[in-house]
Amino acid sequence: MIFALDPYLCVPYRPMGGALSKNDTILERCAAQPERFLVSACEGDPRIAVARLLTHPDNAVWEVWQTGTFVGIIMLDHIVLGVDARLQFVFFDDELASKAPLLAEFVRRCFTEFGFHRLTFEAPEPMKMLLGFVRRKLGFAYEGETRAGSRREQAYFDGTAWRDVVTLRKLAEAV
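So, how was this worked out
Residues numbered from 1 in each chain as written. Predicted model: local features only at pLDDT ≥ 70, side-chain atom pairs only at ≥ 80, totals over all residues. Heavy atoms only, no water. Salt bridge = Lys/Arg side-chain N within 4 Å of Asp/Glu carboxyl O. Helix = DSSP H or I, 4+ residues; strand = E, 2+ residues; numbered from the N terminus. Buried < 20%, exposed > 50% of the residue type's maximum accessible area, 1.4 Å probe, protein only. Axes fitted to C-alpha atoms, helices over the stretch in contact; angles between N-to-C directions. Parallel < 35°, antiparallel > 145°, perpendicular 65-115°, else oblique. Left-handed = near helix turned anticlockwise from the far one by under 90°. Contact = heavy atoms within 4.5 Å. pLDDT = per-residue confidence, 0-100. Polar contact = N/O pair within 3.5 Å; in protein donor to acceptor, adjacent residues only side chain to side chain. Core = buried A, V, L, I, M, F, W, Y, C linked by side-chain atoms within 4.5 Å. Pairing = 2+ DSSP bridges.

Visitor: Is there a simple way to think about the pattern of salt bridges in this case?
Guide: As a working rule, side chains carrying opposite charge can pair if their charged atoms are close by. Considering all chains together, one arrives at 12 salt bridges under this definition. A salt bridge links Asp84 to Arg118; the shortest N-O distance between them is 3.3 Å. Linking Asp84 in strand E5 (residues 84-91) with Arg118 in strand E6 (residues 118-124), this pair joins segments that are 34 residues apart in sequence. The pair Asp84 / Arg118 is uniform in exposure class, with both members buried. Residue Arg109 pairs with Glu113 through a salt bridge whose shortest N-O separation is 3.2 Å. Judged by its relative accessible area of 44%, Glu113 is partly exposed.

Right, dumping it as structure tokens:
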């Protein structure tokens, strides 16, 4: 799926296509934020773990371009066709709020074009701002609808401590 939402263009990630320097940018920026991909400190070099995620044949990854500048990636993993996928994203310009319309459109297309029944989003519990963004701007709800949300206890090691991972979901009927 290639799609544009002014001023953004999303194209499937091709690790061997285009300027290969984009791979270094992706690995450096993603490895600097391993919690965005739930890459645990106990997995070793985060660049290798992120590279494994980005190139895994069962994952779908898009490059996000803004008026000719490479600004981030969007990824679906844990894909069960017609059922669910886990949404992950990172933007290199640290302007997440401006990406809300793009991400909302991407989520909509996941339901209408890919036929998913639900999408899942997970992040370590300390990432309250990111979890709040996904809830408020993208319409995700806590798994199980409890106030504290569904969590996988001590499922992410940040290099210092084991952290809970909060699970959010959005159902197709909510679109």
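Visitor: Can you walk me through the packing of helix H1 (residues 21-31) against helix H2 (residues 46-55) in this structure?
Guide: For any two helices packed against each other, the geometry comes down to the angle between their axes and how far apart the axes lie. The geometry of H1 relative to H2 is characterised by a closest axis approach of 9 Å and an angle of 120° between their N-to-C directions. Viewed along their axes, H1 and H2 adopt a mutual orientation that is oblique. Regarding H1 and H2, the two cross each other, and that crossing is right-handed. Two secondary-structure elements touch here, H1 through Asp24, Ile26, Leu27, Glu28, Cys30 and Ala31 and H2 through Pro46, Arg47, Val50, Ala51 and Leu54.

Visitor: Explain the confidence of the model for the chain to me, please; I cannot follow it from the model alone.
Guide: Do not read the fine detail of predicted coordinates wherever pLDDT is low. Across the chain, the average pLDDT comes to 89, with 97% of residues at or above 70. No element of the chain has a lower mean pLDDT than strand E8 (residues 150-157), which averages 81, and none a higher one than helix H3 (residues 100-112), which averages 96.

Visitor: What should I look at first to understand the side chain of Gln88 in this one?
Guide: Residue position: Gln88 is located in strand E5. At a separation of 2.8 Å, a polar atom in the side chain of Gln88 contacts the side chain of Asp77.

Visitor: Can you walk me through the nonpolar core in this structure?
Guide: It is characteristic of soluble globular proteins that their nonpolar side chains tend to be buried jointly. Core analysis: the largest hydrophobic core is formed by 33 residues, its most contacted members being Ile74, Leu76, Phe89, Leu119, Phe121, Val134 and Phe140. Looking at this core, the elements that each hand over two or more residues are strand E2 (8-12), strand E3 (60-66), strand E4 (69-80), E5, H3, E6, helix H4 (128-138) and strand E9 (162-171). For this core, the leading source of residues is H3, giving 7 residues. In this view, Leu76 contacts Asn59, Ala60, Trp62, Ala85, Arg86, Leu87, Phe106, Cys110, Phe114, Phe116 and Leu119; residues no more than four positions away in its chain are not counted. Core analysis: the second largest hydrophobic core is formed by 16 residues, Tyr13, Val50, Leu53 and Leu54 among them.

Visitor: Help me out: how do you make sense of the pairing of E3 in this one?
Guide: Walk down a regular strand and you will see the side chains alternate between the two sheet faces. Inspection of the sheet shows E2 paired to E3 by 5 bridges, in the antiparallel sense. Within the sheet, the bridge partner assigned to Leu9 lies in E3 and is Trp65. The sheet contact formed by E3 and E4 spans 7 bridges and is antiparallel. Within E4, the position partnered with Val61 by the bridge is Met75. Hairpin geometry of E3 and E4 is characterised by an intervening segment of 2 residues between the two adjacent antiparallel strands and by a positive phi of about 40° at Thr67.

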